[in-house]
Amino acid sequence: MYLDIHQSPELSSHEVQTAAKLAGRLRGLGYEVTEHVGGTGIVAVLKNGAGPTVMLRTELDALPVEEKTGLAYASKVRTKDDVGREVPVMHACGHDLHIAAIVGTAAIMVHSRSTWHGTLVLIGQPAEETISGAQGMIADGLLMRFPKPDVAVAMHVGNVLPAGTVGIVSGIYNTNADSLRITIHGKGGHGSAPHTAIDPIVIAARTILALQTIASREVKPGEMAVVTVGYIQAGTKNNIIPDQAELGLTVRTRNAEVRKQVLASIARITKAEAEAAGAPGAPSIDHYEGTDLVYNDPALAQRLRGALELALGKDHVVMEEPITASEDFSYFTEQGIPGFYFSLGGADPEKFAEAKATGILLPSNHSSRFAPDVDPALHTGIAAEVAVLRNLLK
């Protein structure tokens, strides 16, 4: 299952085959499966007598990244993205491992019904990478059409821990995320006569540098804020000054007031730089994606830490600090459902030890070279999910 999904990744909101494969596996195990929830999402329900209802989620989507792992089963998929550009596709965030793990967990839960009681709801969520899939499933009636969970659980693999281990954070797990698309308007002209034009590329360059002063000079020291410009798109030829330039930003924060402050500062600086350059109009700022941070219920985290230590051994369960990444699992917990989101080690233990000794970081999630050490990581992920579900479904 893992190899199949890894070699045939699909972009966010286009996970047609991935969803169908997962739905087929779960239906074959005896789950009541509903497809096309919130687009390509699936919901699988297994009722096993009276007891609580627990939701376990996996993501379905991959990323527009060209795989450079060198693996024999590396993805060679290329497709068109939502704006018609041809892009490579890779499971650079480990969602393929999450899908395979949930299938293994689903099978064990079916074949060991005597060890638990209640209702198990498995979610195959699309579009996590565009932080829109969870919201889409909820809008499509996830919590009204299906049993509403008493607890929601999810897992994520990464190279910050060695394979064979899991990590737990109590309380705030990650960050708020906001995605912005900024279009700076200029006046096109000949590259040899810049005085006849208003160069949006120069305005964009000044804007990018000025935006970096938000975290360093405007946000109170000690508060977390990240403003990253992930792309700049402008122009078609070296001797043509274009009419506009587009910037793509990701913003990460943990405090609601800081979040408002940073977004307001981005708007202020962007407009001021354009005005200072004499731009013909104010930039447009499109806030097209956003999600709140994931919060782990502290009592739940403490309870499940014990369950994981019993299943994996105390040496294989570590307490971690909050991370700076983001994800839309928070949409589920914001519906009043206590949540538990934990980390799964994916790094080859020997390479992890070497990286720790040398200080050279292993490829992170979203890297073209990200490749979990599948054999121990996948088995540990399944064991961890089963231990958590059995504990919650007593």
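For the structure itself, look to the data block above.
Residues numbered from 1 in each chain as written. Predicted model: local features only at pLDDT ≥ 70, side-chain atom pairs only at ≥ 80, totals over all residues. Heavy atoms only, no water.

Quick word on the nonpolar core
In this structure, Leu-26, Tyr-31, Leu-122, Val-153, Leu-308 and Phe-340 are the most contacted members of the largest nonpolar core, which totals 54 residues. Among all residues touching Phe-340, those that are not within four sequence positions of it are Ala-152, Val-153, Ala-154, Ile-168, Asn-296, Leu-300, Ala-301, Leu-304, Leu-308, Phe-329 and Val-388. (Core = buried A, V, L, I, M, F, W, Y, C linked by side-chain atoms within 4.5 Å. Buried < 20%, exposed > 50% of the residue type's maximum accessible area, 1.4 Å probe, protein only. Contact = heavy atoms within 4.5 Å.)

A short note on the pairing of strand 1 (residues 32–37)
The pairing of strand 1 with strand 2 (residues 41–48) spans four bridges and is antiparallel. Within strand 2, the position partnered with Val-33 by the bridge is Ala-44. Hairpin connection of strand 1 to strand 2: three residues between the antiparallel strands, including Gly-38 at a positive phi of 65°. (Pairing = 2+ DSSP bridges. Helix = DSSP H or I, 4+ residues; strand = E, 2+ residues; numbered from the N terminus.)

Concerning the pairing of strand 3 (residues 53–59)
Burial analysis of strand 3 places seven of its seven residues in the buried class, the great majority of the element. As paired elements, strand 3 and strand 7 (residues 151–162) share four bridges and run parallel to each other. Counted as the bridge partner of Leu-56 is Val-153 from strand 7.

Quick look at the pattern of salt bridges
Across all of its chains, the model carries 15 salt bridges by this definition. Residue Asp-140 is joined to Arg-145 by a salt bridge in which the shortest nitrogen-to-oxygen separation is 3.4 Å. Of the charged contacts, one joins Glu-218 and Arg-268 as a salt bridge, the two residues approaching to 2.6 Å between their closest N and O atoms. Of the two residues, Glu-218 is situated in helix 6 (residues 200–218) and Arg-268 in helix 7 (residues 256–276); the sequence distance between them amounts to 50 residues. You can call Glu-218 partly exposed: its relative accessible area is 26%. By sharing partners, the salt bridges in this structure join Arg-57, Glu-59, Glu-327 and Asp-328 into a single network. (Salt bridge = Lys/Arg side-chain N within 4 Å of Asp/Glu carboxyl O.)

Quick look at the sheet that holds strand 14 (residues 244–253)
As summarised here, the arrangement of the four strands in space is 12-14-10-15, forming an open sheet in which the pairing is antiparallel. With one partner strand each, in any of the chains shown, strand 12 (225–234) and strand 15 (284–291) form the two edges of the open sheet. Averaged over all pairs of adjacent strands, the angle between their axes in this sheet comes to 15°, without regard to strand direction. As judged from the seven bridges shared by strand 10 (residues 176–185) and strand 15, these two strands associate in the antiparallel manner. Paired with Arg-181 across the two strands is Asp-286, which belongs to strand 15. Relative to the sheet, helix 7 contacts strand 10, strand 12, strand 14 and strand 15, its axis offset from that of strand 10 by approximately 10°. (Axes fitted to C-alpha atoms, helices over the stretch in contact; angles between N-to-C directions.)

Thoughts on the environment of Thr-250
Examined against the element boundaries, Thr-250 turns out to sit in strand 14. Take Thr-250: its relative accessible area is 23%, and that puts it in the partly exposed class. Put simply, Thr-250 and Ala-177 are 73 residues apart on the chain and 6.9 Å apart in space, counted from C-alpha to C-alpha. If sequence neighbours within four positions are ignored, Thr-250 has contacts with Asp-178, Val-226, Val-227 and Thr-228.

Considering helix 11 (residues 374–392)
Over its 19 residues, helix 11 extends 27 Å from the first C-alpha to the last, a length consistent with the 27 Å expected when each residue adds 1.5 Å. Among the 19 residues in helix 11, 14 count as buried, and that is most of the element. (Expected span 1.5 Å × (residues − 1).)

So, the packing of aromatic side chains
Summed over all chains, the structure comprises five aromatic pairs. Taken together, a centroid distance of 6.1 Å and an interplanar angle of 75° make the contact between Tyr-2 and Tyr-73 edge-to-face. A residue pair is termed long-range when its members are at least 10 positions apart, and Tyr-2 in helix 1 (residues 2–7) and Tyr-73 in the loop between strand 3 and strand 4 (78–80) qualify at 71 residues. Each member of the pair, Tyr-2 as well as Tyr-73, is classed as buried. Residues Tyr-173 and Tyr-341 carry aromatic rings whose centres are separated by 4.8 Å and whose planes lie at 55° to one another, so their mutual orientation is tilted. Residue Tyr-173 is located in the loop between strand 9 (171–172) and strand 10, and its partner Tyr-341 is located in strand 18 (residues 339–347); the two are separated by 168 residues in the primary sequence. An identical accessibility class is assigned to Tyr-173 and Tyr-341; each is buried. Among the aromatic side chains, those forming a connected cluster through ring pairs are Tyr-173, Phe-329, Phe-332 and Tyr-341. (Phe/Tyr/Trp six-rings, centres within 6.5 Å; stacked < 30°, edge-to-face > 60°.)

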